[in-house]
Amino acid sequence: MVATMGSVSGSRVDDGGVKTDPKLKIKAHELLTFFELFRDLFEAGIGLRLILTQLLVSASNPVLITVLKTVLDDIENGKTLSDAFVRYPNIFTNDIRALMAAAEKSGKWTKKINARGEIDLGILDLIIQLLTRRNVARDKVKNAILYPSLILLVVIAALATFIVYVIPSLRQIFIGIGLSESTDTLTRILFGFCDLVTN
């Protein structure tokens, strides 16, 4: 689908005539919570419109409230849930929309016990697993970046302390014992660099 700019700022109209808002986003944990609550309400036997209404009432994030109002309007106007999610591609990504469409066609929304007595996961369970894996991977990447960043900050702080406090003290000691003129070239370069940084 080719998107063209719509009349609403920040929104787009795709070639199917659906207004989308690619700028709207919610946090990953909020999306996971949304689908967990959706699944729990669905398993309790509550209908789709009532689920969306309940999620709307309980939402505190203004972006999620806007999204749910629009999705609810689309559902009430005859769209499927997966079609209503098309408006928000940064929240409901292609894989989530495809899974939702599969649930709509197959009716396998939540887990069921099969003929062998085993539990078959429903599509909402698969979406929750997908989002959980993404969150875990995102956290691992953040932690992998955070640790070297902290080490780098410690090294920079140590170097700054060395340049600002230790080297000038050494220089005063050298001057005090009369070695300032007889120091080697490397030491003079170090003292000159320290002067350049501190001044």
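Computed from a predicted model, the values in this text were never measured in an experiment. (Residues numbered from 1 in each chain as written. Predicted model: local features only at pLDDT ≥ 70, side-chain atom pairs only at ≥ 80, totals over all residues. Heavy atoms only, no water.)

S.K.: For this particular structure, what's the right way to read the overall build of the chain?
M.R.: On a plain count of helices and strands, the chain comes out with seven helices and five strands. Traced from its N-terminal end to its C-terminal end, the chain shows the element sequence β-β-β-α-α-α-α-α-β-β-α-α. Taking all 199 residues of the chain together, the buried fraction comes to 29%. When contacts within the chain are restricted to residue pairs at least 6 apart in sequence, those whose partners lie at least 24 apart make up 46%. (Helix = DSSP H or I, 4+ residues; strand = E, 2+ residues; numbered from the N terminus. Buried < 20%, exposed > 50% of the residue type's maximum accessible area, 1.4 Å probe, protein only. Contact = heavy atoms within 4.5 Å.)

S.K.: Mind showing me how you'd approach the pattern of salt bridges here?
M.R.: Once their charged atoms are close, side chains differing in charge can pair, the charge on each being opposite to the other. For the structure on display, the rule yields six salt bridges. Aspartate 40 is the salt-bridge partner of arginine 39, the closest N and O atoms lying 3.3 Å from each other. Residues arginine 134 and aspartate 95 are paired through a salt bridge, measuring 2.1 Å at the closest nitrogen-oxygen approach. One end of the pair, arginine 134, is in helix 6 (residues 123-176); the other, aspartate 95, is in helix 5 (residues 94-106), and 39 residues separate them in sequence. Since its relative accessible area comes to 30%, aspartate 95 is described here as partly exposed. Here the salt bridges share partners, and the residues they tie into one network are Arg39, Asp40 and Asp125. (Salt bridge = Lys/Arg side-chain N within 4 Å of Asp/Glu carboxyl O.)

S.K.: Whenever I open this one, helix 2 (residues 48-58) confuses me. Can you help?
M.R.: Every buried residue belonging to helix 2 is among Ile51, Leu52, Leu55 and Leu56, and all of these are buried. Buried residues of helix 2, seen end-on, are gathered within an arc of 135 degrees and therefore sit on one face of the element. When the buried face of helix 2 is taken as reference, the exposed residues oriented beyond 90 degrees from it are Leu50 and Val57. Where helix 2 is buried, its residues contact helix 1 (28-43), helix 3 (62-76) and helix 4 (81-85). (Arc of directions from axis to C-beta.)

S.K.: Could you clarify how one ought to interpret the side chain of arginine 87 in this entry?
M.R.: Within the element layout of this structure, arginine 87 appears in the loop between helix 4 and helix 5. Among the polar contacts made by the side chain of arginine 87, one reaches the side chain of aspartate 74 at a distance of 2.6 Å. (Polar contact = N/O pair within 3.5 Å; in protein donor to acceptor, adjacent residues only side chain to side chain.)

S.K.: Can you walk me through the environment of glycine 107 in this structure?
M.R.: Checked against the element boundaries, glycine 107 lands in the loop between helix 5 and strand 4 (112-113). Separated by 15 residues in the primary sequence, glycine 107 and glycine 122 have C-alpha atoms spaced 8.9 Å apart. Contacts of glycine 107, omitting those with residues within four sequence positions, involve Ala102 and Lys112.

S.K.: Which parts of the structure should I look at to understand a nonpolar patch on the surface?
M.R.: On the surface, a nonpolar cluster with roughly 720 Å² of combined accessible area is contributed by Phe162, Val164, Tyr165, Val166, Leu170, Ile173, Ile177 and Leu190. Per element, the largest residue contribution to the nonpolar patch is six residues, and it comes from helix 6. As for its position among the elements, leucine 170 is in helix 6. (Patch = residues over 30% accessible without salt bridge, like charges linked within 9 Å, V, L, I, M, F, W, Y side chains within 5 Å. Areas by Shrake-Rupley, 256 points an atom, 1.4 Å probe, with all protein chains shown as cover.)

S.K.: Which parts of the structure should I look at to understand the packing of helix 5 against helix 6?
M.R.: Close contact between helix 5 and helix 6 brings their axes to 9 Å; oriented N to C, the two are set at 165 degrees. The angle between helix 5 and helix 6 places the two elements in the roughly antiparallel class. For the pair helix 5 and helix 6, the sense of crossing is right-handed. On the side of helix 5, the interface is formed by Asp95, Ile96, Leu99, Met100, Ala102, Ala103 and Ser106, while helix 6 contributes Ile123, Leu124, Ile127, Leu130, Leu131 and Arg134. Of the residues in the contact of helix 5 with helix 6, the class split is 10 nonpolar, one polar and two charged. (Axes fitted to C-alpha atoms, helices over the stretch in contact; angles between N-to-C directions. Parallel < 35°, antiparallel > 145°, perpendicular 65-115°, else oblique. Left-handed = near helix turned anticlockwise from the far one by under 90°. Nonpolar A, V, L, I, M, F, W, Y, C, P; charged D, E, K, R; others polar.)

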